[in-house]
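Report on the structure
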Amino acid sequence: MPRTGRKGRLIVVEGIDGSGKSTQLHLLDKWLRSIGVSVFFTEWNSSDVVKEITSKGKKKALLTPTTFCLLHATDFADRYERNISPLLEAGYFVLADRYIYTAFARDIVRGCNPTWVRKVYSFAIVPDAAFYFRVPPDVGMARILEGRPKLKYYEAGMDLNLSNDEYESYRIFQSRIVDQYESMVKKDGLIVIDGTLDIEKQQEMMRQRVRRLIPAAKPRVPILDQKEVALY
Amino acid sequence: MNYYGEGITYLKKVETKGSLIVLEGPDGSGRSTQVDMITTKLEADGHAVITTGLKRSELIGAGILEAKHKLPLGKKTLALFYAADFADQLEHKVIPALHAGYVVLADRYIYTLMARSSVRGISRSWSHDLFGFAIQPDLVFYLDVPPVELFHRVFQKYGTLDYYESGADIGLSDDLFESFVLYQRGIAKEFRLMEEKYGIVRIDGGRPVAEVNVDLQKRIDSYLGSLRRR
């Protein structure tokens, strides 16, 4: 993966649904902004261009693992080319809620060839810090199901024919994703955070790691959110 | 059935009785006309034929057109979008048809996509790797027509030039004619570079339609005949 001479920093969070990673990234975002760092936040599967088509396909439940992988890669590439890459060049702290490791985990569980998936994403730069929020699948699942009893088809991994029961399918799917993440910890240098700890404690650990990435002189660029940047 | 790279690992080994024949060439090269003529002839000879092309998947095809019109897309985004469309058709249409013994006629294949990407500065090895799940065709033809001749054909047919097909998105020249010629020259060069590696047969597309057809048909018939004798 390429490393550019960029001035910005890329910080990503990874983990299964319900691992608490989004909450942690949100708190990190607030903190960085409060100390005057220029921040850009981006999340998985959120490009306007691709969203509409993906959701249409997802509703029809027609996506094969390869198409599924390539559509998410398209979404990623759009955000990468439009926002992530230029903003890193411009000196921003780019915060990504899920990054290529999510694709690696999910696509490999769906049966895509691991070497191929990594080649597809080979244009993406290595993050300055990639936090992996480790929780047992049951804990993540309990958190997700608390406020939302209904699971979506792909979210539950129903396309994998793991079980006819969507909760059982979800459980098996999530534990396989966890296996993938665990295998990446060493290989990709993911920073493990125990997602069962207190929220404050986890945030403290995160800030400790991120603090050393902050340059002494802050770049004087305006703070934008995703919507505003999309106008350019 | 052979793949270019890692293949589609979750599919069981599919036995294919059919043949995959690819026709490549720019807009105005007479590609679609030839596909129609070949289809008619093959069907008359008793072959079951289906055609496939780019931007035709149910799921994504229309989306590509929509997205292109809404916002300018990045080059990798576009490349991946086309690859997704290609994958969708490959798995839902091409592979099942090959399994069932069809002759699949592809009106363009991965080579056009790779050439377009390469002209836009994407590395050739990344494109090649991206299509590691693609099936190696039995025959690949490239209809070669000089860019200036193409320009006249396209202009006569549509009265205008396509934005992307004239490379207007990469700013080769302010003059649309010049941009078109430069772009098509770039694409043709990419095809020449791919010829050996991918076994692409260059066909002189500058000749009259009937003459090109006889040439193509002879090669196809000879290939299909050799299968029968096997």
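Residues numbered from 1 in each chain as written. Chains lettered and ligands numbered in written order. Predicted model: local features only at pLDDT ≥ 70, side-chain atom pairs only at ≥ 80, totals over all residues. Heavy atoms only, no water.

All names here are of chain B. The 5 strands lie next to each other as E2-E3-E1-E4-E5, forming an open sheet whose pairing is parallel. The sheet is open, and its two edges are formed by strand E2 (49-53) and strand E5 (200-204), each paired on a single side. Averaged over all pairs of adjacent strands, the angle between their axes in this sheet comes to 25°, without regard to strand direction. Bridge count between strand E4 (residues 139-144) and E5: 5 bridges; the pairing is parallel. By the bridge assignment, Phe-141 is partnered in E5 with Val-201. Contacts between helix H1 (residues 31-44) and the sheet are confined to strand E1 (19-24), E2, strand E3 (103-107) and E4, with E3 contributing the most and set at about 170° to the helix. (Pairing = 2+ DSSP bridges. Helix = DSSP H or I, 4+ residues; strand = E, 2+ residues; numbered from the N terminus. Axes fitted to C-alpha atoms, helices over the stretch in contact; angles between N-to-C directions. Contact = heavy atoms within 4.5 Å.)

It is common to report an interface's size as the accessible area lost on association of the parts. The interface of chain B with chain A comprises 31 residues on the first partner and 29 residues on the second. Around 2600 Å² of area is buried between chain B and chain A when both sides are counted, 64% of it from carbon and sulfur atoms. Taking the shortest distance from any N to any O, the salt bridge between Asp129(B) and Lys119(A) comes out at 3.9 Å. Ranked by the residues each element gives to the side of chain B that touches chain A, the list is headed by helix H3 (residues 75-99) of chain B, at 11 residues. Of the residues in the side of chain B that touches chain A, the class split is 16 nonpolar, 6 polar and 9 charged. (Buried area = accessible area lost by both parts, 1.4 Å probe. Salt bridge = Lys/Arg side-chain N within 4 Å of Asp/Glu carboxyl O. Nonpolar A, V, L, I, M, F, W, Y, C, P; charged D, E, K, R; others polar.)

Residue and element names in this part refer to chain A. Pairing in this open sheet of 5 strands is parallel, and the strands run E2-E3-E1-E4-E5 from one edge to the other. Only two strands of the sheet have a single partner each, and these edge strands are strand E2 (39-43) and strand E5 (191-194). Ignoring strand direction, the axes of neighbouring strands in this sheet form an average angle of 20°. The pairing of strand E1 (residues 9-14) with strand E4 (residues 129-134) spans 4 bridges and is classified as parallel. Its bridge partner lying in E4, Val-12 is registered against Ala-130. Strand contacts of helix H1 (residues 21-34): E1, E2, strand E3 (93-97) and E4, with the helix running at about 165° to E3, the strand carrying the most contacts.

Turning our attention to the pairing of E3(B). All names here are of chain B. Of all 5 residues in E3, 5 are buried, a share of seventy percent or more. Covered by surrounding structure in E3 are Val-103, Leu-105 and Asp-107 together with Val-104 and Ala-106, the residues of both alternating faces. Here E1 pairs with E3 via 5 bridges, running parallel. Within E3, the position partnered with Ser-19 by the bridge is Val-103. Of the strand pairs in this sheet, E2 and E3 are connected by 5 bridges, and their pairing is parallel. Across the sheet, the residue bridging to Ile-50 is Val-104, located in E3. (Buried < 20%, exposed > 50% of the residue type's maximum accessible area, 1.4 Å probe, protein only.)

Now for the side chain of Asp107(B). Residues and elements named next belong to chain B. Along the chain, Asp-107 turns up in strand E3. Only 2.4 Å separates the side chain of Asp-107 from the side chain of Arg-31, close enough to count as a polar contact. Asp-107 has contacts with Leu-23, Arg-31, Ser-32, Val-35, Thr-52, Gly-53, Leu-54 and Arg-56, leaving out every residue within four places of it along the chain. (Polar contact = N/O pair within 3.5 Å; in protein donor to acceptor, adjacent residues only side chain to side chain.)

This brings us to a nonpolar patch on the surface. Residue and element names in this part refer to chain B. Together, Ile-170, Leu-172 and Leu-182 make up a nonpolar patch on the protein surface, roughly 210 Å² of accessible area in all. Locating Leu-182 in the fold gives a position in helix H7 (residues 176-198). The class of Leu-182 is partly exposed, set by a relative accessible area of 36%. (Patch = residues over 30% accessible without salt bridge, like charges linked within 9 Å, V, L, I, M, F, W, Y side chains within 5 Å. Areas by Shrake-Rupley, 256 points an atom, 1.4 Å probe, with all protein chains shown as cover.)

Bringing the side chain of Gln203(A) into the picture now. Residues and elements named next belong to chain A. By secondary structure assignment, the location of Gln-203 is in helix H8 (residues 199-211). We classify Gln-203 as buried; its relative accessible area is 5%. Apart from residues lying up to four places away in sequence, Gln-203 is in contact with Gln-24, Leu-27 and Leu-28.

Summarising the model, chain A shows a mean pLDDT of 89, and 85% of its residues fall at 70 or more. Here residues 228-232 of chain A is a poorly scored stretch, pLDDT under 50, and it has 5 contacts once near neighbours within four places are set aside; other chains count. (pLDDT = per-residue confidence, 0-100.)

Tallied over the entire structure, the rule returns 26 aromatic pairs over all chains. Where Phe86(B) meets Phe131(B), the ring centres are 5.7 Å apart and the plane angle is 90°; that geometry is what we call edge-to-face. Residue Phe86(B) is found in helix H3, and its partner Phe131(B) is found in the loop between helix H5 (124-130) and E4; the two are separated by 45 residues along the sequence. Members of the aromatic cluster, joined through ring pairs, are Trp44(A), Phe76(A), Tyr80(A), Tyr99(A), Tyr101(A), Phe104(A), Tyr121(A), Phe123(A) and Trp126(B). Across the ring face of Phe68(A), the terminal group of Arg110(A) is positioned such that the distance to the ring centre comes to 4.1 Å. One residue, Arg116(B), lies across the ring of Tyr82(B), its end atom 5.5 Å from the ring centre. (Phe/Tyr/Trp six-rings, centres within 6.5 Å; stacked < 30°, edge-to-face > 60°. Lys NZ or Arg CZ within 6 Å of the ring centre and 35° of its normal.)

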